[in-house]
Amino acid sequence: MKRLLPICLSLLTLAAACSVEPGEPVDHSTVQSNLPPVPVPANDPLTEEKVELGRRLFYDTRLSVDGTVSCASCHRQEAAFADAGRQTSVGVRGQFGNRNSPMIVNSAYQPYFFWDGRAQTLEEQALAAFLSKTEMAADTVAVAALLRSADYRDRWMAAFGDTTVSMLMAMRAISAFERTLISANSPYDRYVRGDGTAMTASQKRGMSLFFSNRSMCSNCHGGPNFTDHSFRNVGLFRHYFDRGRYSVTKDPDDEALFKTPTLRNIALTPPYMAGGDSDDGELWTLEAVVEHYDKGGFKFHNQDDRVRKLSLTPEQKADLVAFMHALTDSTVLTNPRFAKP
Ligand code: HEC
Ligand code: HEC
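Residues numbered from 1 in each chain as written. Chains lettered and ligands numbered in written order. Predicted model: local features only at pLDDT ≥ 70, side-chain atom pairs only at ≥ 80, totals over all residues. Heavy atoms only, no water.

Next up on the list: the coordination of the iron atom of ligand 1. Protein coordination of the iron atom of ligand 1 rests on one atom only, His-75 (NE2), at 2.1 Å. Tracing the chain through its elements places His-75 in the loop between α3 (71-74) and α4 (122-131). (Donors = N, O, S within 2.8 Å, 3.2 Å for Na, K, Ca; no water. Helix = DSSP H or I, 4+ residues; strand = E, 2+ residues; numbered from the N terminus.)

This brings us to the site of ligand 1. Residues in close proximity to ligand 1 total 27 residues, the closest being Cys-71, Cys-74, His-75, Phe-114 and Lys-259. Arg-99 is positioned such that a nitrogen or oxygen atom in its side chain is 2.9 Å from an oxygen atom of ligand 1. In this structure, Gln-125 approaches ligand 1 through a side-chain N or O atom, which is 3.1 Å from a nitrogen atom. Secondary-structure elements contributing two or more residues to the shell around ligand 1 are α3, α4 and α7 (167-178). For the shell around ligand 1, the per-class residue count stands at 14 nonpolar, 8 polar and 5 charged. (Near = heavy atom within 4 Å. Polar contact = N/O pair within 3.5 Å; in protein donor to acceptor, adjacent residues only side chain to side chain. Nonpolar A, V, L, I, M, F, W, Y, C, P; charged D, E, K, R; others polar.)

Chain-level pLDDT for the chain is 89 on average; 90% of the residues reach the 70-or-more range. Mean pLDDT in the chain bottoms out at helix α1 (residues 4-13), which sits at 37, and peaks at helix α13 (residues 314-325), which reaches 98. When the criterion is pLDDT under 50, residues 1-18 qualifies, and its contacts beyond four places in sequence or with other chains add up to 12 contacts. (pLDDT = per-residue confidence, 0-100. Contact = heavy atoms within 4.5 Å.)

Here we take up the layout of surface pockets. Taken as a whole, the largest pocket holds about 730 Å³ of empty space. As for the largest pocket, its lining consists of 38 residues, of which His-75, Pro-102, Phe-114, Gln-125 and Glu-135 are closest to the centre. Contributions of two or more residues to the lining of the largest pocket are made by α3, α4 and α7. In terms of residue count, the dominant contributor to the lining of the largest pocket is α4 (5 residues). Classifying every residue of the lining of the largest pocket by side-chain character gives 17 nonpolar, 15 polar and 6 charged. (1 Å grid on protein atoms, 1.4 Å probe; cavity = no way out; pocket = protein on both sides within 12 Å on 5 of 7 lines; lining within 4 Å. Points joined across faces, edges and corners; volume = space filled by probe spheres on them.)

Neighbouring ligand 2 are 23 residues, the closest being Cys-217, Cys-220, His-221, Met-273 and Tyr-293. Within the side chain of Tyr-293, an N or O atom sits 2.7 Å from a nitrogen atom of ligand 2. Of all the cavities here, the one that holds ligand 2 is the largest cavity. Those elements that place two or more of their residues in the shell around ligand 2 are α10 (217-220), β2 (258-259) and α12 (286-295). Here the shell around ligand 2 gets 3 residues from one element, more than from any other, and that element is α12. (Sits in = over half its atoms within 2 Å of the grid points.)

What follows concerns the nonpolar core. Core analysis: the biggest nonpolar cluster contains 43 residues, and Leu-53, Leu-57, Phe-58, Phe-81, Leu-147 and Trp-156 have the highest contact counts within it. Ignoring anything within four residues of it in the chain, the contact list for Phe-81 reads Phe-58, Tyr-59, His-75, Arg-76, Pro-102, Met-103, Ile-104, Val-105, Leu-181, Val-332 and Phe-338. If you look at the next biggest cluster of nonpolar residues, it comprises 33 residues, including Met-207, Phe-226, Met-273 and Leu-286. (Core = buried A, V, L, I, M, F, W, Y, C linked by side-chain atoms within 4.5 Å. Buried < 20%, exposed > 50% of the residue type's maximum accessible area, 1.4 Å probe, protein only.)

Before going further, it helps to examine α4. Restricting attention to buried positions, one finds in α4 the residues Leu-122, Glu-123, Gln-125, Ala-126, Ala-129 and Phe-130. Projected down its long axis, α4 carries its buried residues within an arc of 160 degrees, all on one side. (Arc of directions from axis to C-beta.)

Here the iron atom of ligand 2 is held by the protein donor atoms His-221 (NE2) and Tyr-293 (OH), which lie 1.9 to 2.1 Å from it. In this structure, the iron atom of ligand 2 is coordinated by 6 donor atoms arranged in octahedral fashion, with angles at the metal of 85 to 180 degrees. Residue His-221 is found in the loop between α10 and β1 (231-232), and its partner Tyr-293 is found in helix α12; the two are separated by 72 residues along the sequence. The class of His-221 is buried, set by a relative accessible area of 10%. (Tetrahedral: all angles 85-135°; square planar, octahedral: opposite > 155°, others 65-115°.)

Within helix α6 (residues 153-160), the full set of buried residues consists of Trp-156, Ala-159 and Phe-160. End-on, the buried residues of α6 take up no more than an arc of 75 degrees, which puts them together on one face. On its buried face, α6 is in contact with α2 (48-59), α5 (140-148) and α7.

The rolling of a water-molecule-sized probe over the atoms marks out the regions of remaining empty space. On inspection of all chains with the given rule, the structure shows 3 cavities of 30 Å³ or more. One number sums up the size of the largest cavity: a volume of about 770 Å³. If you trace the largest cavity, you find 47 residues lining it, with His-221, Pro-261, Leu-263, Met-273 and Tyr-293 closest to the centre. Contributing elements (two or more residues each) for the lining of the largest cavity: α10, β2, α12 and α13. Sorting elements by how many residues they give to the lining of the largest cavity places α12 first, with 4 residues. When the residues that make up the lining of the largest cavity are grouped by side-chain class, the tally is 28 nonpolar, 12 polar and 7 charged. Residues lining the lining of the largest cavity come from more than one domain, with at least three contributed by each of domain 1 (4-183) and domain 2 (200-325). Approximately 50 Å³ is the volume attributed to the second largest cavity. Around the second largest cavity sit Val-105, Asn-106, Ser-107, Tyr-109, Gln-110, Asn-225, Thr-227, His-229 and Thr-262, which together line it. Considering only residue class, the lining of the second largest cavity consists of 2 nonpolar, 7 polar and no charged. (Domains from an automatic or database assignment.)

Set out below in structure tokens:
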């Protein structure tokens, strides 16, 4: 047993626990019939109690240094857990960040997080947002006191079977909640499940074009979540101030590459693209995004070859936009399990 202790401690830093945790396993089977099973860390079981604790933490502005910001301030349910209508979001003390807030529904399937992929796990990502000076700038002593207070004590005990409080465990609870933010009930999903009437004729034409070599869209936006999880440059600018993946790897081949984002619920989350660069480059509509791809980009030196002049007809452009609207799962906006408690 003595020899096990250091292993337990090092596992703890990997957001794992040694003790067996209590609680009711979450049943995901009904929501994700078009998606593979949600990846859950083997040593961090998804339980109803942990998810409920995480949901409360996700919505609690008291976790931020000035009590003004929670995760939900920038990942809002009514905007499919992105921050629609803003190029960048407002963090503590009214500060603006430098990139567009991504939609985090189905982010449990991602192998890494942020536009430049600098976090490897949801837990690591959440901790970064929680501690970031511009996002939440959490005072960990104050947060620990809050978690030990009557507001959280019982829920913490129910989730972890222990009263020991740590920031990492709080991030595990938030991540557990994020692992339940799953969406696969868009018209496209219903169509794939066999309901031929779920999509319009234009959406069906758009789907064929999207999944064709003519457009190459699905080459990068492929798979069940419309991303191959690669880093690419799509030639939005001639010069990039935001160096994207390069800032993580320092490899010149990664200059200004950004994560290929999911297109699920994309119609709900304008403006588009990582957006850290300039005001004029911002794309506010799906029509503008399709125009960008149709023109083939500004030929930035690291631009991917598959982004090239397409010369689509007006009808083809409209079909692509219509298809992207078929990826909206409006149940995300109203699901009470995702809502502020
Ligand atoms: C002030 C706004 C703000 C707050 C508060 C905030 N986020 Fe974010 N979030 C962002 C932005 C902006 C990004 C993208 C940043 C980047 O790529 O560098 C992001 C990225 C993410 C991602 C990665 C998504 C992806 O596709 O890579 C997840 C997951 C996430 N946030 C969850 C959270 C959680 C959990 C919290 C609370 C602990 C939180 N966020 C708090 C703005 C915010
Ligand atoms: C070479 C890979 C690649 C191809 C091909 C591609 N995309 Fe993208 N797409 C990306 C990347 C990478 C981004 C993010 C770029 C950035 O922020 O600088 C993106 C962003 C987007 C966005 C904005 C997403 C958001 O959350 O802001 C939309 C919409 C989109 N692409 C649609 C399409 C359509 C439609 C096609 C086909 C006409 C297409 N893409 C082809 C890689 C690709």
